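Residues per chain are reported as follows:
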Amino acid sequence: MFALLTLASLALQSVADTSPFRALALPTPNRVRSASGAPGPDYWQQEASYAIQATLDTAAQTLRGSERIHYVNHSPDSLAFVWMQVEQNLFAANSITYTLNQPPLIFAGGVSFDFTGKGFIGGGVMEKFEALGKPLTRTPYGTMMRVELPAPLAPGAAIDFDIVWHFPIPPYGGGRMGHIGTRLYELGQWYPRLVVYDDVNGWNPLPYIGAGEFYLEYGDYDVTLTVPAGFVVAGTGTVQNAEVVYTPEQRARLERALTADTGIAIITRAEATAHGAQRTPGTKVWHFAAKNVRDFAWCASPDYRWDASGYRGILINTLSRPGARPWDEANRMARYTIKYFSETWYPYPWPQATTCEGLVEGMEYPMITFVPALPRREDQFWDLMHEFGHEWFPMMVGSDERRYPWMDEGFNSFVDYGAAEGYFQGTAYGDTVRRELLSAAQVSTVPGKEQPMIDKPVEQRDLAWAAYQKPPLMLTLLRDAVLDSATFNRAFREYIRRWAFKHPQPADFFRTMANVSGKDLDWFWREWVFTTARLDQAVDSVKAVGTDSTFVFLSNRAQMVMPVTVQLAYADGTKETRALPIEMWNLGPRFTARFLTRKPVVAVTVDPARRYPDMDRNNNSWGR
């Protein structure tokens, strides 16, 4: 197994290390995880598949369910016990979140993402937990539960768990689920799930507090949901009983939508409004199935307006309450997002993609996202697009969000900026949106307060910076200043391809980017991921030598090193930009650049485009 301590200690090592180009002390490669960053020939991961039956009781605001989990041990180890996630215990009176009074995550613009249930007291009730018809001994630890197996589960063996449970649905829960009266429900983290067992840490029973999201095994899902008869349900996977739950007219509209590049109304606003005045007695069963996914979520309401379009056989759905404004552009935004991500990075692998409007500020699950209606068009696109971007990170590339949110939120945010630039191309917003990362750096890179990105999310005081803003700034500069677009894109696409439906670790990403790009990037990862190093490039002086040369004396006055872009301004009014590679700092923090030119140099500026988070721009220029 890889030692987590090795990665965590890198920040301490780099503080005492005077050379920025010292190699990272990454975990030793082996046959599970190779030196190239690719999965090795002996790579393995566990498999957890779920058959779930659940009933929504809107009168009691309770969800009751039973499930069978088929768990396959692909590891080389015999397992005497398993760990389960029982995340509804987040809302128990004695939960860690309530005990600690967990603060909300504050985003730019003051948007608050509350990790608690806003005072709601509930928690899950485990009525039965059996294997082979016999109860198993279980010990709960907050949102985690250890279960003793009747006999050790040998490598290659499988076991089925039979579980019965129920819980009261919070009006607002952990920012990821809740209901509005008896007319709208968004359900995530709603059923007991297996904890990941991997080759790095063994079991990963890190508690669900809120700030750290998910780390989950892949498997197949067969889910039946019993809801009031008038409800429309959307969820992970595809509906298996369409002839029962949809009208003939809705099925015909869905068939047309699958080949349409603009939204087709499956349920019109007028129809949704009319449904709101009806009360349909009885219940209806919705049957969903999904293959090779790591989770299942769903939304339900009798009031949904529903638009759909298609992209390469993928049905793209947007559901909202009829009064949601603005939402008319939502399907266009959704289709653009799935198309952009598919054609730029990796093809979307599932048959449908759905977003549901409601009370959750923004949350992602396989094939389905929860997104609110927002008044500003740019904000609506960003939220909708960002949540769909999570279909790539972490729904496909299944990283450990409980430890490394920068590999999930950060990677997603990086590619989000490209999508936003494309959708709003030619507008002030589209042309400048990525520069907001530099503004965030000015606010968040405060000495003594900023923390390394490698710190766990529950330890971050400024998670918005460490998980959502610093990583895309890091990757933008890696692409634009250290590598080039073609090289970066080739390496990043290969990382996605290699680790799709697998569990990458930071070392796998670092090694893939270095091996595919052909560049030593240890110095880059050390500064950006494991430390809070800051950048201060300076022009110390300029000297003309003879009639054909100008010497520019440059220095690196802080801990971070980056390549240097120099702009020379000449006496005749012309300007010229030269690029100096990272190797300029091989021998220390000072470098003399010799530029061959017969024209008198009257001014020199480093980073003239202001794309770096340089902490002191007063020393970036010399001359007039």
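If you're wondering where the values come from, they're calculated on a predicted model, not measured in any experiment.

(A) Region of the structure containing the sheet that holds strand β11 (residues 172-173). Ordered by their spatial adjacency, 5 strands build an open sheet running β11-β12-β13-β22-β18, and the pairing between neighbours is antiparallel. Because the sheet does not close on itself, it has two edges, and the strands there are β11 and β18 (232-235). By the bridge criterion, 4 bridges tie β18 to strand β22 (residues 298-301) in an arrangement that is antiparallel. Bridging from a neighbouring strand, Val 232 pairs with Ser 301 of β22.

(B) Looking closely at helix α12 (residues 463-482). Helix geometry: α12 is bent most strongly at Lys 470, by close to 40°, with proline Pro 471 lying one to four residues after it. Of all 20 residues making up α12, 19 are buried, and the element is well covered by its neighbours.

(C) Inspection of the nonpolar core at higher detail. Trp 190 and Phe 492 are the most contacted members of the largest nonpolar core, which totals 188 residues. In terms of residues, this core owes the most to one element, α12, which gives 8 residues. Excluding its chain neighbours within four sequence positions, the residues that come into contact with Trp 190 are Ile 52, Ala 54, Leu 63, Gln 88, Trp 165, Phe 167, Val 223, Leu 225, Phe 296, Ala 297 and Trp 298.

(D) Here's a closer look at unusual backbone geometry. The amide bond that connects Arg 325 to the next residue, Pro 326, takes the cis arrangement and shows omega of -15°. Here Pro 326 is to be found in the loop between β24 (314-320) and α7 (330-344). Phe 393 connects to Pro 394 through a cis peptide bond whose omega is 15°. Mapped onto the secondary structure, Pro 394 falls in the loop between α8 (377-389) and α9 (409-423). Located in the positive-phi region is Phe 501, a residue other than glycine, with phi close to 65°. For Asp 607, which is not glycine, the phi dihedral falls at a positive 50°.

(E) Fine view of the packing of aromatic side chains. The full count for this structure, using the stated rule, is 64 aromatic pairs. Here the aromatic rings of Tyr 50 and Tyr 221 are separated by 4.9 Å at their centres, their planes lie at 15°, and the arrangement is stacked. One end of the pair, Tyr 50, is in strand β1 (residues 47-57); the other, Tyr 221, is in strand β17 (residues 219-228), and 171 residues separate them in sequence. For the pair Tyr 50 and Tyr 221, one class covers both residues: buried. Ring geometry for Tyr 246 and Trp 306: centres 5.5 Å apart, planes at 55°, overall tilted. Of this pair, Tyr 246 sits in the loop between α4 (242-245) and α5 (248-257) while Trp 306 sits in strand β23 (residues 305-311), and the two are 60 residues apart along the sequence. The ring of Tyr 172 has Lys 118 lying over it, and the distance from NZ or CZ to the ring centre is 4.1 Å. Positioned over the ring face of Trp 345 is Arg 493, at 5.6 Å from the centre of the ring.

(F) Spatial organisation of the pairing of β24. Most of β24 is tucked away, with 7 of its 7 residues classed as buried. A two-sided burial pattern is seen for β24, the buried positions comprising Ile 314, Ile 316, Thr 318 and Ser 320 on one face and Leu 315, Asn 317 and Leu 319 on the other. Pairing between β23 and β24: 7 bridges, direction antiparallel. Within the sheet, the bridge partner assigned to Arg 305 lies in β24 and is Ser 320. Connecting the antiparallel pair β23 and β24 is a turn made up of 2 residues, with Arg 312 showing a positive phi of about 50°. Inspection of the sheet shows β24 paired to strand β25 (residues 352-357) by 5 bridges, in the parallel sense. Across the sheet, residue Thr 318 finds its bridge partner in β25, namely Thr 355. Chirality of the crossover, the property in question, places the unit of β24, α7 and β25 among those that are left-handed.

What counts as what
Residues numbered from 1 in each chain as written. Predicted model: local features only at pLDDT ≥ 70, side-chain atom pairs only at ≥ 80, totals over all residues. Heavy atoms only, no water. Pairing = 2+ DSSP bridges. Helix = DSSP H or I, 4+ residues; strand = E, 2+ residues; numbered from the N terminus. Bend = angle between axes of the 7 residues up to and from the residue. Buried < 20%, exposed > 50% of the residue type's maximum accessible area, 1.4 Å probe, protein only. Core = buried A, V, L, I, M, F, W, Y, C linked by side-chain atoms within 4.5 Å. Contact = heavy atoms within 4.5 Å. Phe/Tyr/Trp six-rings, centres within 6.5 Å; stacked < 30°, edge-to-face > 60°. Lys NZ or Arg CZ within 6 Å of the ring centre and 35° of its normal. Right-handed = clockwise from strand over helix to strand, strands pointing away.

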